[in-house]
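# Report on the structure
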Amino acid sequence: MAPMKNIPYGHQSVNLSDVFAVARGVRFEWITRGPAVEKFERDICKIAGSAYAIAVSSGSAALHCAYAAIGLEPGDEVITTPLTFAATATTAMNPGGVILFADIHPDTGNIDPKSVEALISLRTKAIVAVDYAGHPADMDELMVLGKKHGIPVIEDAAHSLGSLYKGRPVGSLADITALSFFPTKNITTGEGGAVVTNNPDFARKARLFRSHGMVRDKEFLHNTSEGPWHRELQSLGLNYRMPDLLARLGSSQLHRLPIFHKKWKQVFLGYKENLSHVPNLTLPFHHRESDPMWRLYPLRVDPRIRRAVFEDLRAAGIGVQVNYIPVNSHPYFRELGFTPDSTPHARDYYAGEISLPMFADLSSRSVKVISQKMADLRRSKK
Ligand SMILES: *Cc1c(COP(=O)(O)O)cnc(C)c1O
């Protein structure tokens, strides 16, 4: 066989229509704060089944805006999962939030509502789920919990824009949903993200936080007798705006989301077909009630051979990753007294996890090659 070309872990899909969409905008009057951002926001609403979308400069910015929108204050507690990228937690800690880690379901890797419930107190300000690998969390159970205790539920949907849960789109499930458009996510604008909600008050506050907290809307000014130049800083915010150029790319990418969904499903099914006969390998769990956009293909092997398998796959030119190092095991968190032993399911999930390449242009032949390599390694390391 000819030597294999390297297969990257992830790769954005940018086609000519994406290129033209951006190119047309470069010489347009508005390259930021213009109509392309508003159009992108309307396009997101259609896909996410939500009333409001606020485009921002990253997924982390979206999370930060979501915490601002619910009025998170120093000392407020936020319950989330350790099986995520650190920003889910750190963007709540920046404004002074206190993180409590609930454990996960050992099958999906998603936060376990029972573990969440055990941590709820009068200080709880938010429950934050992450749709790990694109598979929606138990949103109905979490929303029931949130309603019962009067706590908003935030969904970190960095992996799951386009996923369906019981036939409903991600973006219509939680009180607030945060999206990321980083190149390894479901669509890309380079850097970018969005806050999605049906709650007009949350939407207004997220929009304000995105743009310095500066109020321009007459309806919300304290002083209405000043001239038309008048605006008011009523709270703190940041500049988290998305430029129009990137919003154009976003709208064009969103248009292609159904195709990405189909292609990723093919890759997912290809791995399943080629790997399900391999012994002692745990394939990603799929609840029938959901139709995920499979952003990751999280495999699990025996933790004792994870490192060797990972290194051999990398040496063979196959771009694998591990998702995620539990947030409560990072030095910053350990110094605050956190330990992954408080969430044993997440700790154990991580210990055997390897994410295989997953992107729209991954060919079925590459899927076969990767699976074969995986099977060979699995046998040789037993
Ligand atoms: C990527 C990611 C983020 C952060 O998004 P950025 O756009 O990189 O800031 C947050 N949470 C999860 C689960 C992610 O995968």
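Criteria and cut-off values
- Residues numbered from 1 in each chain as written.
- Predicted model: local features only at pLDDT ≥ 70, side-chain atom pairs only at ≥ 80, totals over all residues.
- Heavy atoms only, no water.
- Helix = DSSP H or I, 4+ residues; strand = E, 2+ residues; numbered from the N terminus.
- Expected span 1.5 Å × (residues − 1).
- Buried < 20%, exposed > 50% of the residue type's maximum accessible area, 1.4 Å probe, protein only.
- Contact = heavy atoms within 4.5 Å.
- Pairing = 2+ DSSP bridges.
- Axes fitted to C-alpha atoms, helices over the stretch in contact; angles between N-to-C directions.
- Phe/Tyr/Trp six-rings, centres within 6.5 Å; stacked < 30°, edge-to-face > 60°.
- Lys NZ or Arg CZ within 6 Å of the ring centre and 35° of its normal.
- Arc of directions from axis to C-beta.
- Domains from an automatic or database assignment.
- Buried area = accessible area lost by both parts, 1.4 Å probe.
- Salt bridge = Lys/Arg side-chain N within 4 Å of Asp/Glu carboxyl O.
- Polar contact = N/O pair within 3.5 Å; in protein donor to acceptor, adjacent residues only side chain to side chain.
- Nonpolar A, V, L, I, M, F, W, Y, C, P; charged D, E, K, R; others polar.

Between its terminal C-alpha atoms helix 8 (residues 244-255) stretches 17 Å, which fits the 16 Å expected from twelve residues at 1.5 Å a residue. In terms of residue burial, helix 8 counts as a mostly covered element, since nine of its twelve residues are buried. Among all positions in helix 8, only Asp244, Ala247, Arg248, Leu249, Gly250, Ser251, Ser252, Gln253 and Leu254 are buried. On its buried face, helix 8 is in contact with helix 1 (16-26), helix 2 (35-48) and helix 9 (257-275).

Turning next to the sheet that holds strand 2 (residues 77-80). Taken in spatial order, the seven strands of this open sheet run 1-9-8-5-4-2-3, and their pairing is mixed. Every other strand in the sheet has two partners, leaving strand 1 (52-56) and strand 3 (98-101) as the edge strands with one partner each. Ignoring strand direction, the axes of neighbouring strands in this sheet form an average angle of 20°. Pairing of strand 5 (residues 153-156) with strand 8 (residues 176-180) involves three bridges; the strand directions are parallel. Bridge assignment links Glu155 to a residue of strand 8, and that residue is Thr177.

With the rule as written, the count across this model stands at twelve aromatic pairs. Taken together, the ring pairs connect Phe101, Tyr332, Phe333 and Phe338 into an aromatic cluster. In this arrangement the basic side chain of Arg204 is found over the ring face of Phe220, its NZ or CZ atom lying 3.9 Å from the centre. For the cation-ring pair, Arg306 lies above Tyr350, with the distance from its terminal atom to the ring centre recorded as 4.6 Å.

Once that is clear, we can look at helix 12 (residues 344-352). Because each turn of an α-helix spans 3.6 residues, side chains separated by three or four positions end up pointing in the same direction. Among all positions in helix 12, only Ala346, Tyr349 and Gly352 are buried. With its buried residues spanning 140° around the axis, helix 12 presents them on a single face. Looking at the buried residues of helix 12, the elements they touch are strand 13 (297-300), helix 10 (303-315) and strand 14 (353-356).

Attention now moves to the domain arrangement of the protein. When cut into domains, the protein gives domain 1 (16-254) and domain 2 (257-380). At the interface, 37 residues of domain 1 touch 34 residues of domain 2. Regarding the contact of domain 1 and domain 2, the summed buried area is about 3100 Å², with carbon and sulfur atoms giving 65% of it. On the domain 1 side of the contact with domain 2, Phe101, Tyr132 and His135 bury the most area, a combined 18% of that side's loss. Along the contact surface separating domain 1 from domain 2 lie zero salt bridges. Counting the contacts that link domain 1 with domain 2 gives 17 residue pairs in polar contact (both at pLDDT 80 or more). Listing elements by their share of the side of domain 1 that touches domain 2, those giving two or more residues are helix 4 (87-93), strand 3, strand 6 (164-165) and helix 8. No other element matches the three residues that helix 4 contributes to the side of domain 1 that touches domain 2. Of the residues belonging to the side of domain 1 that touches domain 2, the class tally is 20 nonpolar, 13 polar and four charged.

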